[in-house]
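Overview (structure and organization)
Here is how the chains run, residue by residue.
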Amino acid sequence: MHIMEGYLPVGWAVFWWLVALPFMLLGVRSLTRITKANPELKLLLALAGAFTFVLSALKMPSVTGSCAHPTGTGLGAVLFGPLAMSVLGSLVLLFQALLLAHGGLTTLGANAFSMAIAGPIAAYWIYRLTMQLTGKQKIAIFLAAALADLLTYIITSVQLALAFPSPVGGFIASFAKFAGIFAITQIPLAISEGLLTVLVWNWLQSYTPQELELLQLIKREPQSHESI
Amino acid sequence: MNQSKKGMSNWLLLGGVIILSALPLVVARNAEFAGADDRAAKAVTEVQPGYKPWFQPLMQLPSCEVQTFLFASQAALGAGVLGYLIGLSKGRTERRNHHEDAD
């Protein structure tokens, strides 16, 4: 979903940087708070970061005949809240901008806003809403991850359409064009991301029950050994 | 959910991902599968023909091969950390269960 280096006019590049910065700063504060209060959560935090790192390196083919990558931010957002992901996601984007010439420094604000801020916020609320409505945790995780992924690409399309409104048709025509490239390509990938996130969630449930309990994502089971 | 049922659902999840990423190669056989980023950059110059990117990446990759190397490294690093952490927690959980059983 990266907007490539230099592909946003200066005004917009600055604007998105200014929008993204407060979230990143709040994110740093949220991360320090989490790790200070519960140092044992560092393991899960590293895991959430690594998950985003892997998924955003996987450029997968899509039915539209082009390739894009999942974002991996839904998992961390559900575990630690959206602010923590604003830092982890931005770090991944910074790495890609500096070392892979993928995305860019001038467009980092915009890219961070779509992938590391808006996506995780959506994931967090979709998870909570689905849990309230259905109480089915796996469905909630799947929807959170998949829709956050999709939303990331929709936001990217909005950002590009705002900066480059079409001479005929304006913002709407431009948005349709960019969304045709990004959002449609992303639909199968968003489903993949949802499935992969549930897969990792299954592992977390089996192997890190204490940490999840701490995050109040699972309730303490009444000492049963039915799984053995 | 018991352990074998969970294992089964994990394989199904993985299978779903593999099908989703293999299917496009069959369905859209003749497509070029270029990156969506590049296509968006092209679209920008279609909407606004005169637009020139005003900033260049600090590091220019010498070739496609180098880019593949870096992307593979990113995936390998991430997957390595992920695998290590999951293995670590698995070991811890198993040891704890073992202790509980022994008590």
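For the structure, see preceding data.
Criteria and cut-off values
Residues numbered from 1 in each chain as written. Chains lettered and ligands numbered in written order. Predicted model: local features only at pLDDT ≥ 70, side-chain atom pairs only at ≥ 80, totals over all residues. Heavy atoms only, no water. Helix = DSSP H or I, 4+ residues; strand = E, 2+ residues; numbered from the N terminus. Rg over C-alpha atoms; globule rule 2.2 N^0.38 Å. Buried < 20%, exposed > 50% of the residue type's maximum accessible area, 1.4 Å probe, protein only. Contact = heavy atoms within 4.5 Å. Areas by Shrake-Rupley, 256 points an atom, 1.4 Å probe, with all protein chains shown as cover. Lys, Arg positive; Asp, Glu negative; His and termini not counted. Charge placed at Lys NZ, Arg CZ, Asp CG, Glu CD. Pairing = 2+ DSSP bridges. Axes fitted to C-alpha atoms, helices over the stretch in contact; angles between N-to-C directions. Expected span 1.5 Å × (residues − 1). Buried area = accessible area lost by both parts, 1.4 Å probe. Salt bridge = Lys/Arg side-chain N within 4 Å of Asp/Glu carboxyl O. Polar contact = N/O pair within 3.5 Å; in protein donor to acceptor, adjacent residues only side chain to side chain. 1 Å grid on protein atoms, 1.4 Å probe; cavity = no way out; pocket = protein on both sides within 12 Å on 5 of 7 lines; lining within 4 Å. Points joined across faces, edges and corners; volume = space filled by probe spheres on them. Nonpolar A, V, L, I, M, F, W, Y, C, P; charged D, E, K, R; others polar. Patch = residues over 30% accessible without salt bridge, like charges linked within 9 Å, V, L, I, M, F, W, Y side chains within 5 Å. Phe/Tyr/Trp six-rings, centres within 6.5 Å; stacked < 30°, edge-to-face > 60°.

Regarding the overall build of chain A
Each helix and strand counted, chain A has 8 helices and 2 strands in total. Listing each helix as α and each strand as β along chain A from the N terminus yields α-α-β-β-α-α-α-α-α-α. A compact globule built from 228 residues should have a C-alpha radius of gyration of about 17 Å, and chain A, at 18 Å, falls within 12% of that. Counting only C-alpha atoms and orienting by the principal axes, one finds that chain A spans roughly 65 × 35 × 30 Å. Residues classed as buried in chain A amount to 60% of the 228 residues present. Put simply, 73% of the contacts in chain A that link residues at least 6 apart link residues at least 24 apart. Working note: accessible area of chain A is about 8700 Å², and carbon and sulfur atoms make up 72% of it. Charge separation in chain A, taken as the distance between the mean sites of 11 positive and 8 negative side-chain charges, equals 7 Å.

With respect to the sheet that holds strand β2 (residues 66-68) of chain A
Strands pair in a sheet through their backbones, by hydrogen bonds, and they do so in one of two ways: parallel or antiparallel. Sheet architecture is open: 3 strands sit in the order β1(A)-β2(A)-β1(B), paired in mixed fashion. The strands lining the two open edges of the sheet, one partner per strand, are β1 (60-61) of chain A together with β1 (34-35) of chain B. Looking at chain direction, β1 of chain A and β2 of chain A are connected through 2 bridges and run antiparallel. Bridging across to β2 of chain A, M60 of chain A finds its partner in A68 of chain A. Across the sheet, helix α7 (residues 170-207) of chain A lies against β1 and β2 of chain A, angled at about 45° from β2 of chain A, the strand it touches most.

Remarks on helix α4 (residues 82-99) of chain A
The α-helix winds at 3.6 residues per turn, so residues separated by three or four positions along the chain end up facing the same way. With 18 residues, α4 of chain A ought to run about 26 Å at 1.5 Å a step, and its terminal C-alpha atoms sit 26 Å apart, in line with that. Those residues of α4 of chain A that fall on the buried side of the exposure criterion are P82, A84, M85, S86, V87, L88, G89, S90, V92, L93, Q96 and A97 of chain A. Looking at the buried residues of α4 of chain A, the elements they touch are α1 (10-37), α2 (42-55), α3 (73-80) and α5 (108-134) of chain A together with α3 (64-102) of chain B. Immediately beyond the C-terminal end of α4 of chain A, within one or two residues, lies A101 of chain A, with a positive phi of roughly 50°.

Quick look at the interface of chain B and chain A
Between chain B and chain A, the contact holds 58 residues from the first and 68 residues from the second. Here chain B and chain A share an interface that buries about 5800 Å² over both sides, 70% of which is from carbon and sulfur atoms. The largest per-residue losses of area from chain B upon contact with chain A belong to D37, V47 and Q74 of chain B, which jointly make up 12% of the total buried on that side. One can count 1 salt bridge joining chain B with chain A. For E46 of chain B, the salt bridge goes to K177 of chain A, with nearest N and O atoms at 2.8 Å. In this structure, the connection of chain B to chain A is made through 17 residue pairs in polar contact (both at pLDDT 80 or more).

Considering the layout of surface pockets
Here the second largest pocket is characterised by a volume of approximately 360 Å³. Secondary-structure elements contributing two or more residues to the lining of the second largest pocket are β2 of chain A together with α2 (36-47) and α3 of chain B. Counting residues per element, the lining of the second largest pocket draws most heavily on α2 of chain B, at 3 residues. In terms of residue class, the lining of the second largest pocket is built from 12 nonpolar, 7 polar and 4 charged.

So, a nonpolar patch on the surface
A cluster of nonpolar residues, V63 of chain A together with I19, L23, L25, V26 and V27 of chain B, forms a patch on the protein surface that exposes about 540 Å² of accessible area. In this fold, V63 of chain A is placed in the loop between β1 and β2. Overall, the relative accessible area of 40% leaves V63 of chain A in the partly exposed class.

Details of the packing of aromatic side chains
What characterises a pair of aromatic rings is the spacing of the ring centres plus the angle enclosed by the ring planes. Residues and elements named next belong to chain A. Here the structure, examined in full by the defined rule, presents 11 aromatic pairs over all chains. Centroid distance Y153 to F182: 5.9 Å. Interplanar angle 55°. Geometry classified as tilted. Separated by 29 residues along the polypeptide, Y153 in helix α6 (residues 137-163) and F182 in helix α7 bring together distant segments of the chain. As far as the burial class goes, Y153 and F182 line up, both buried. Here the aromatic residues W12, F15, W16 and F113 are joined through ring pairs into a cluster of three or more.

Things to note about the environment of L55 of chain A
Residues and elements named next belong to chain A. Note that L55 resides in helix α2. Along the sequence, L55 and E193 sit 138 residues apart, while their C-alpha atoms lie 8.0 Å from each other. Residues contacting L55, with those up to four places away along its chain left out, are H69, P70, T71, G72, E193 and L196.

Read these as layout, nothing more, since geometry by itself doesn't imply function.
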